[in-house]
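Reading the structure
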Amino acid sequence: MSKRVLCKFFAHGACLKGEHCEFSHDWKDPSNNVCTFYQKGVCSYGSRCRYEHVKVSRSQAFASSSSTTNSHQSVVSESVPLACPSKTAVKWGYSILSVKPADHSICSFAAAGNCPRGEKCPHIHGDLCPTCGKQCLHPFRPEEREEHLKTCEKKQKHLEALKYSQEIECSVCLERVLSKPTAAERKFGLLSECDHPFCISCIRNWRSSSPSSGMDVNSALRACPICRKLSYFVIPSVIWYSTKEEKQEIVDSYKGRLRSIDCKHFDFGNGTCPFGTSCFYKHKVKPGSYAWNNLMPRKYSSNAVDMDALLSSFKYLYRPHRRIGREEEIFNAEDLDNDILTPEEILLMHLDFETSDDDDDEDLDDEDFFLMTQQGFETSDDDEEA
Amino acid sequence: MVDFARVQKELQECNRDVEVSGIKVSPKADKLTHLIGTIPGPLGTPYEGGTFEIDIQLPDGYPFEPPRMQFSTKVWHPNISSQSGAICLDILKDQWSPALTLKTALLSVQALLSAPQPDDPQDAVVAQQYLREYQTFVSTARYWTEAFAKTSSLGVEEKVQKLVEMGFPEALVRSTLEVVGGDENLALEKLCTV
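Residues numbered from 1 in each chain as written. Chains lettered and ligands numbered in written order. Predicted model: local features only at pLDDT ≥ 70, side-chain atom pairs only at ≥ 80, totals over all residues. Heavy atoms only, no water.

1. Examining the overall build of chain B
Applied cut-off: Secondary structure is summarised from DSSP: a helix means a run of H or I of at least four residues, a strand means a run of E of at least two, and numbering begins at the N terminus for each. With a 1.4 Å probe rolled over the protein chains alone, any residue whose accessible area is under 20% of its type maximum counts as buried; one over 50% counts as exposed, and the rest are partly exposed. Throughout, a residue-residue contact means that at least one pair of heavy atoms, one from each residue, lies within 4.5 Å.
On a plain count of helices and strands, chain B comes out with 8 helices and 4 strands. Scanning chain B from its N terminus toward the C terminus, one meets helices and strands in the order α-α-β-β-β-β-α-α-α-α-α-α. Split into buried and exposed, the 194 residues of chain B put 47% on the buried side. Taking as baseline every contact in chain B between residues at least 6 positions apart, the subset at least 24 positions apart corresponds to 50%.

If you want it as structure tokens, here you go:
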């Protein structure tokens, strides 16, 4: 349609569209050197961009799309699926009556809060969202409406909670927690057993302060400074809660986050974690670690497959050329060419043998064991600020 | 490191309702680690009518460590040393909590004055007397209050005398003493800055 502007791809000698290209393949035509990213609002090259950064006023873009003087802009405007069937069909001369109303997107300006074209806007203006007060509810897409309402309400709640949190004072430093100077300090420390607010640094300071004047760690330091109720862990949170459910949500998401992080004390089975099975962090046993070699449950050793023999052969194969705890190396494929069998191969051989066994119960046990060792022990309960 | 921001806040907070509680805290020097607290003797006790001064030292760990408090006014009380003024109070030791403030701690000391715990004494002599000869204890405590904790007219005259000897004009000394409520140290400080 717009044969007047030189095709960019053609200019570089690589237009795949050939004759069917909508841009001119005539060297005499001027090239369009306007940066489309800039016009959309974001060009990551900034001043280094080799295209021209020209801002197009709305009216110009509007007008140009009906005439075809500037193909570049017209393409931009047309690429936006248009709305308001009756109005636009007449105005633009399109035959888009066949398009379902749900397929039109709503006016993004109105959705953002303010459409400069107002009544004359060719796009559908969404219905008013009662929560955010913007015209962003699509009249013909019920799922989208639902979703927006839901997220909007959630956001609103979060905002209210944040506003409420601003007022909360820490009882130790007597300052508003969210008005502290550094970002790291602007966090609450939630105690698991009571609802007294402190900032995370204050409560951690108190709990970790050395019991110099005969204060007992368990009765004094672990207790809430206000109500003296014992709490075994502190949860950091940027927001203060107003209901039990909100607190639970904060606690759960915190624990969930920690559960995906490997415990540095446990160190994949090479170290010892002072929190044991109640640690919040992931306790994953890696093959070859101390725990793998020495602490695996003994009861499995009486199975059809001799786990002791398996483990010792495992150790034997593993030790001569490897250091403890380096999984990457264990599972390295380079060993496949060697004459020595890799631990996995031995394990697989044993397991193959074992599946042919008739004893179902014992099979299950072994499978459990295998799964367990593969995935590591993932325990979760409670922990202290590790 | 002492949390000075908190100490400042505590002082402001405490001085805001000094009329209601009667508890005053003021810095002894320009350093905020050494303070003077004053509490009125509780009504209905032998300490009634007295104003007791308490010397407060803030340790480095404050508010995570308890403030060190001891009476600088002599008191006859089973839980307060009649010699050194040391206070036997759990919240100033192992039961301290950072949620407590200087004011709440002083309030607890005041409460201790009205409710002695002779079973857990600081001063054994006083505690013995409290348990065996209660009447003697009461009269001794009252006498000590009269003698040491009251800013009697004679006391004022003594202070005036002392300040005048330092070279300040008598009229100015009197008016300054009145302004600071009879506190000799504060008056001296004020006179020096005038």
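2. Re the overall build of chain A
Heads up, the rule is: Using a 1.4 Å probe, accessible areas were evaluated by the Shrake-Rupley method; residue-level cover was limited to the displayed protein chains.
Check the secondary structure of chain A and you find 15 helices and 4 strands. Looking at the 386 residues of chain A, the share that counts as buried comes to 34%. Here the analysis covers contacts within chain A between residues at least 6 apart in sequence; of these, 47% occur between residues at least 24 apart. Carbon together with sulfur atoms contributes 53% to the accessible area of chain A, which is approximately 23,500 Å² in total.

3. Notes on the pattern of salt bridges
All names here are of chain A. The condition is simple: We define a salt bridge as a side-chain nitrogen of Lys or Arg found within 4 Å of a carboxyl oxygen belonging to Asp or Glu.
Scanning all chains against the criterion turns up 11 salt bridges over all chains. In this structure, the salt-bridge partner of Arg141 is Glu144, at a minimum N-O distance of 3.0 Å. The class of Glu144 is partly exposed, set by a relative accessible area of 40%. In this structure, Glu167 and Arg176 form a salt bridge, with 3.6 Å as the shortest nitrogen-oxygen distance. Take Arg176: its relative accessible area is 39%, and that puts it in the partly exposed class.

4. Observations concerning helix H10 (residues 244-259) of chain A
Residue and element names in this part refer to chain A. What counts is decided by this rule: Multiplying one less than the number of residues by 1.5 Å gives the expected span of a helix. For this quantity, the arc is that covered by the directions from the helix axis to the C-beta atoms.
Compared with an ideal rise of 1.5 Å per residue, which puts 16 residues at 22 Å, H10 spans 22 Å between its outermost C-alpha atoms and is within 8% of the ideal. Within the span of H10, buried status applies to Lys247, Ile250, Val251, Tyr254, Lys255 and Leu258. Seen end-on, H10 carries its buried residues on one side only, within an arc spanning 125 degrees. Away from the buried face of H10 by more than 90 degrees, exposed residues Glu245 and Glu249 are located. Residues of H10 that are buried sit in contact with strand S3 (188-191), helix H8 (200-208) and strand S4 (234-237).

5. Remarks on the environment of Asn293 of chain A
Its place among the elements puts Asn293 of chain A in helix H11 (residues 290-294). Once the C-alpha coordinates of Asn293 of chain A and Gly269 of chain A are considered, the two residues, 24 residues apart in sequence, prove to be 9.2 Å apart.

6. What to know about a negative patch on the surface
Rules: Patch membership needs two things, relative accessible area over 30% and no salt bridge, and members are linked within 9 Å if like-charged or within 5 Å if nonpolar (Val, Leu, Ile, Met, Phe, Trp, Tyr). Under the counting rule used here, the positive set is Lys and Arg, the negative set is Asp and Glu, and His together with the chain ends is not counted. Charged groups are reduced to one reference atom each: NZ for lysine, CZ for arginine, CG for aspartic acid, CD for glutamic acid.
A cluster of acidic side chains, namely Asp216 of chain A together with Asp90, Asp94, Asp119 and Asp120 of chain B, defines a negative patch on the protein surface. Here Asp119 of chain B shows up in the loop between helix H3 (102-114) and helix H4 (124-132).

7. Brief notes about the interface of chain A and chain B
Keep this limit in mind: For this analysis, a polar contact is any N or O atom pair within 3.5 Å, provided that within protein one partner can donate a hydrogen and the other can accept it, and provided that sequence-adjacent residues contribute only side-chain to side-chain pairs. As a working rule, the residues Ala, Val, Leu, Ile, Met, Phe, Trp, Tyr, Cys and Pro are called nonpolar, Asp, Glu, Lys and Arg charged, and the rest polar, with Gly in that last group.
The interface of chain A with chain B comprises 17 residues on the first partner and 18 residues on the second. Seen at the junction of chain A and chain B, the total is 0 salt bridges. At the boundary of chain A with chain B, the tally comes to 4 residue pairs in polar contact (both at pLDDT 80 or more). Here the element with the most residues in the side of chain A that touches chain B is H8 of chain A; it accounts for 3 residues. Its residues assigned to classes, the side of chain A that touches chain B shows 9 nonpolar, 6 polar and 2 charged.

8. Thoughts on the UniProt feature "zinc finger region: C3H1-type" (unreviewed entry) in chain A
Residues and elements named next belong to chain A. Put simply, the rule reads: UniProt positions are given in the numbering used here, feature names are shortened, and annotations may be inferred rather than shown by experiment.
Feature annotation in UniProt places "zinc finger region: C3H1-type" (unreviewed entry) on residues 1-28, 29-56, 101-128 and 257-286, given in this structure's numbering. Helix makes up 18% of residues 101-128 and strand 7%, with an end-to-end C-alpha separation of 18 Å. Across residues 257-286, helical content stands at 10% and strand content at 0%; the span's end C-alpha atoms are separated by 21 Å.

9. As for the confidence of the model for chain A
What counts is decided by this rule: For every residue, the predictor assigns a confidence score, pLDDT, that lies between 0 and 100.
In the predicted model, chain A carries a mean pLDDT of 70, and 62% of its residues have values of at least 70. Per-residue pLDDT stays below 50 along residues 58-96 of chain A; that stretch engages in 58 contacts with residues further than four places along the chain or on separate chains.

10. Things to note about the packing of aromatic side chains
Aromatic rings in a pair are described by how distant their centres are and how their planes are angled relative to each other. Residue and element names in this part refer to chain B. To keep things clear, this is the line we draw: Ring pairs are drawn from Phe, Tyr and Trp, using the six-membered ring of Trp, whenever the two centres fall within 6.5 Å, and their geometry is named by plane angle: stacked under 30 degrees, edge-to-face over 60, tilted for the rest.
Summed over all chains, the structure comprises 11 aromatic pairs over all chains. Between the aromatic rings of Tyr47 and Phe52, the centroid separation amounts to 6.0 Å while the plane-to-plane angle is 75 degrees, which identifies the pairing as edge-to-face. Looking at Tyr47, the relative accessible area reads 1%, which means it is buried. Plain terms: the ring middles of Trp76 and Trp144 are 5.0 Å apart, the flat faces sit at 45 degrees to each other, and that makes the pair tilted. Here Trp144 lies in helix H5 (residues 134-149) and Trp76 lies in the loop between strand S4 (68-71) and H3, a separation of 68 residues in the sequence.

11. Examining the packing of helix H7 (residues 170-179) of chain B against helix H8 (residues 184-193) of chain B
All names here are of chain B. Put simply, the rule reads: Lines are fitted to the C-alpha atoms to define the axes, a helix being fitted only along its stretch in contact, and any angle between axes, read from their N-to-C directions, falls within 0 to 180 degrees. Roughly parallel means an angle under 35 degrees; roughly antiparallel, over 145; roughly perpendicular, 65 to 115; everything else is oblique. In this scheme the crossing of two helices becomes right-handed for a clockwise turn of the near helix relative to the far one and left-handed for an anticlockwise turn of less than a right angle.
In contact at an axis separation of 9 Å, H7 and H8 are set at 120 degrees when each is read in the N-to-C sense. By the angle between their axes, H7 is oblique relative to H8. Note on packing geometry: the crossing formed by H7 with H8 is right-handed. Seen from H7, the contacting residues are Leu172, Val173, Thr176, Leu177 and Val179; seen from H8, they are Glu184, Ala187, Lys190 and Leu191. Of the residues contributing to the contact of H7 with H8, the split by class is 6 nonpolar, 1 polar and 2 charged.

12. Thoughts on the side chain of Thr140 of chain B
Residue and element names in this part refer to chain B. Within the element layout of this structure, Thr140 appears in helix H5. The buried category is assigned to Thr140, whose relative accessible area is 18%. Among the polar contacts made by the side chain of Thr140, one reaches the main-chain carbonyl oxygen of Thr136 at a distance of 2.6 Å.

13. Some words on the sheet that holds S4 of chain B
Residues and elements named next belong to chain B. Test applied: Here the rule is simple: two strands pair whenever DSSP picks up at least two bridges between them.
Across the sheet, 4 strands lie side by side as S1-S2-S3-S4; this open sheet has antiparallel pairing. A strand with exactly one partner marks an edge of an open sheet, and here the two such strands are strand S1 (24-27) and S4. The sheet shows a mean angle of 25 degrees between the axes of neighbouring strands, direction not considered. Both S1 and strand S2 (residues 34-40) contribute to a ladder of 4 bridges, which runs antiparallel. Looking across to S2, one finds that Pro27 is bridged to Leu35. Its contacts with the sheet place helix H1 (residues 4-16) against S1 and S2, and it is angled at close to 140 degrees to S1.

14. Section: the pairing of S4 of chain B
Regular strands have side chains that alternate between both faces of the sheet. Residue and element names in this part refer to chain B. Residues Met69 and Phe71 of S4 are buried on one face, while the alternating residues Arg68 and Gln70, pointing to the opposite face, are not. Where strand S3 (residues 51-57) meets S4, 4 bridges bridge the pair, whose relative direction is antiparallel. The residue of S4 that forms the bridge with Ile54 is Phe71.

15. A few points about the nonpolar core
Residue and element names in this part refer to chain B. We count it as follows: Nonpolar cores were defined as sets of buried Ala, Val, Leu, Ile, Met, Phe, Trp, Tyr and Cys residues, with membership established by side-chain atoms within 4.5 Å.
Residues Leu35, Ile39, Ile56, Met69, Phe71 and Val109 are the most contacted members of the largest nonpolar core, which totals 78 residues. Other than its neighbours up to four places away in sequence, Phe71 contacts Ile39, Phe52, Glu53, Ile54, Ile80, Ser84, Gly85, Ile87, Val109 and Leu113. Core analysis: the next-biggest nonpolar cluster, separate from the first, contains 8 residues, Phe168, Val173, Leu177 and Leu191 among them.

16. Overview of the UniProt feature "active site" (unreviewed entry) in chain B
Residues and elements named next belong to chain B. In the numbering used here, UniProt assigns the feature "active site" (unreviewed entry) to Cys88. Within the fold, Cys88 resides in the loop between S4 and H3. When sequence neighbours within four positions are dropped, the list of residues in contact with Cys88 reads Asn79, Lys93, Leu112, Asp120 and Gln122.

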